[in-house]
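# Results of the structural survey
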Amino acid sequence: MQGQMMHYPLTIGHFLERAEKLFPKVEVVSRLPDRSLHRYTYGEFASRARKLASALLKLGLKDGDRVGTLMWNHYAHLEAYFGIPIAGGVLHTLNLRLHPTDLAYIIEHAGDRFLIVDDVLLPLWEKVAPMVKNVEEVIVVPLTGKPVPEGFLDYEQTIAPAGELEEFRIAGEEQALGMCYTSGTTGRPKGVVYSHRAVVLHSLASALPDALNLSQKDVLLPVVPMFHVNAWGLPFTATMTGTKQVLPGPYLDPESLLDLYEREQVTATAGVPTIWLGILQALEKEPNRWKLVPGMRMVVGGSAAPEGMIRAFDKFGLRVIHAWGMTETTPLGTVSYLKSYMEDLPEDEKYRIRAKQGLPVPLVEARGWGEEGEIPWDGKTMGELQVRGPWIAESYYNLPEGADKWTEDGWFKTGDVVTIDAEGYIEIVDRTKDLVKSGGEWISSVQLENALMGHPAVAEAAVIAVPHPKWQERPLAVVVLKEGASATEEELKAFLEPKFAKWWIPDRIVFVEEIPRTSAGKFLKSKLREQFKDFKWE
Ligand code: AMP
């Protein structure tokens, strides 16, 4: 017997209609380049998104055309998030921290026909423009209020005369809604194409109580850029729930963010660990300066959230939620939370669990795959994390040679090395490329880094494999100390010793001013490895 339910396509058109009908008074607040705050409501947002859609159609947008966005987090970017897909276009967010040659490659590979760019980012576009031929029109958002230079369309003038698009041009839930390229620390960036269905289901899962627990009453500030896996889908999730959004524009330094958290009484936020390490230092320096909402949830992902950081934020009454994901997984894959019967565990044990990457969210399946097949749930055996589910990519855009990232039985090979404990909690121990292989045994660089970052004098730590004459590779730790703090190599080694087997302890710890980063704010280990490849162990 078949079920007898309606075939109702899952599209983000519904999110837009819902927000404008039910939550037209809820605010969207954006920080502008002059630091002032722009405020409007979901009602105005929806009207302008519909106008943008009409304007794009008038410019000749056809179904499936890619529209690139080179923008910070603000209201016009949110309009693009909805205006492009409801016009049948594909929202292609561009990472403004990439090198112009990489941007040019991505824009050409995706075949972007139109581009929407912040006026403050025009100098970047001007470096990219000579290298690309496929962009026909560039629409400039005049965030500074200055006139838009000749040769570009003014966003405001383009959407003002356009009517509000009434009928969305979304053919069905499998239609492409957007695309992102992986930040790719090695090799060329790879394009991932998201469908409406994937984003809708992902939004529902992200809002669940054991994930972000997002409600209409929240105030959400995504620090994660809207060009990094769609700000982890949060602009879609928040529009679905009718949640007030606070978009920080170009100001991602700790003080600007803390000011916004206080001023808008933010209850939920999200970003990579490097952002939180900075915020933590600011709070530690001036613990009484900001009056934040008690219990503010901070989703931390993109790299491992060190246990020390989770503990430190708890002291300020702020709650870290550790999550794992990838561009290829839209991105939410796992979240760490305690099961009902774990609340009475000793504090240390609870922190250990919260610092893991956690349990797969509903509809995502995960397994660890080792040399002998699926790894046991013993918390020790390492294997590659493989996932499948309705918001996991099944292929890369126009890249047949990328097919080896999927197994024959249809799982995506993440390239992350994990252990899974008896309760099913996944812990990432490394990227396959970053593991240290010492005398035939694996050492997890991530676990060493997290432990080092638990030392009060350490701001940041990265551990890399460096060639070694006897052991093939040995771990080298590269450490940035907190401002005004001091620690010696011997002290840090002694700090690690009780926590690890002797042969895991880095042979050397070197101190540097800063650790190179990827465009998404993660440690760029390939560059560190290059820098230290001729390191003399003595
Ligand atoms: P991206 O596609 O740029 O978001 O990068 C995805 C990669 O980031 C994953 O494959 C992981 O290696 C890493 N990553 C994401 N979240 C976490 C996390 N919570 N802990 C450790 N690594 C993470």
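Since we're looking at a predicted model, the values are computed, not measured.

## So, the domain arrangement of the protein chain
When its domains are assigned, the protein chain resolves into domain 1 (9-25 + 34-195), domain 2 (361-431) and domain 3 (436-531). Taking only C-alpha atoms, the centre of domain 1 and the centre of domain 3 are 40 Å apart.

## Topic: the site of the ligand
Every one of the 16 residues lining the ligand counts as a neighbour, but Ala323, Thr327, Asp416, Arg431 and Lys522 are closest to it. Ala304 is positioned such that a nitrogen or oxygen atom in its backbone is 3.2 Å from a nitrogen atom of the ligand. Residue Lys522 places a side-chain N or O atom 2.7 Å away from an oxygen atom belonging to the ligand. Bound to the protein, the ligand loses 91% of the 490 Å² it would expose on its own. Here the shell around the ligand is composed, by residue class, of four nonpolar, nine polar and three charged.

## Re the nonpolar core
Core analysis: the largest hydrophobic core is formed by 182 residues, its most contacted members being Phe82, Ile116, Trp125, Tyr261, Trp276 and Phe313. Among all residues touching Ile116, those that are not within four sequence positions of it are Leu52, Val67, Gly68, Thr69, Leu70, Met71, Ala80, Ile84, Ile139, Val141 and Tyr155. Core analysis: the second largest hydrophobic core is formed by five residues, Leu338, Ile353, Leu359 and Tyr425 among them.

## Quick notes on the sheet that holds strand β12 (residues 268-271)
The strands that make up a sheet pair up through hydrogen bonds in the backbone, lying either parallel or antiparallel. Read from one edge to the other, the open sheet built from nine strands follows the order β2-β1-β11-β10-β12-β13-β14-β15-β16, with strand pairing classed as mixed. Every interior strand has two partners, whereas the edge strands, β2 (37-41) and β16 (359-360), have only one. Pairing of strand β1 (residues 27-31) with β2 involves five bridges; the strand directions are antiparallel. Among the inter-strand pairings, Glu27 is bridged to a residue of β2, identified as Thr41.

Cut-off values and rules
Residues numbered from 1 in each chain as written. Predicted model: local features only at pLDDT ≥ 70, side-chain atom pairs only at ≥ 80, totals over all residues. Heavy atoms only, no water. Domains from an automatic or database assignment. Near = heavy atom within 4 Å. Polar contact = N/O pair within 3.5 Å; in protein donor to acceptor, adjacent residues only side chain to side chain. Areas by Shrake-Rupley, 256 points an atom, 1.4 Å probe, with all protein chains shown as cover. Nonpolar A, V, L, I, M, F, W, Y, C, P; charged D, E, K, R; others polar. Core = buried A, V, L, I, M, F, W, Y, C linked by side-chain atoms within 4.5 Å. Buried < 20%, exposed > 50% of the residue type's maximum accessible area, 1.4 Å probe, protein only. Contact = heavy atoms within 4.5 Å. Pairing = 2+ DSSP bridges. Helix = DSSP H or I, 4+ residues; strand = E, 2+ residues; numbered from the N terminus.

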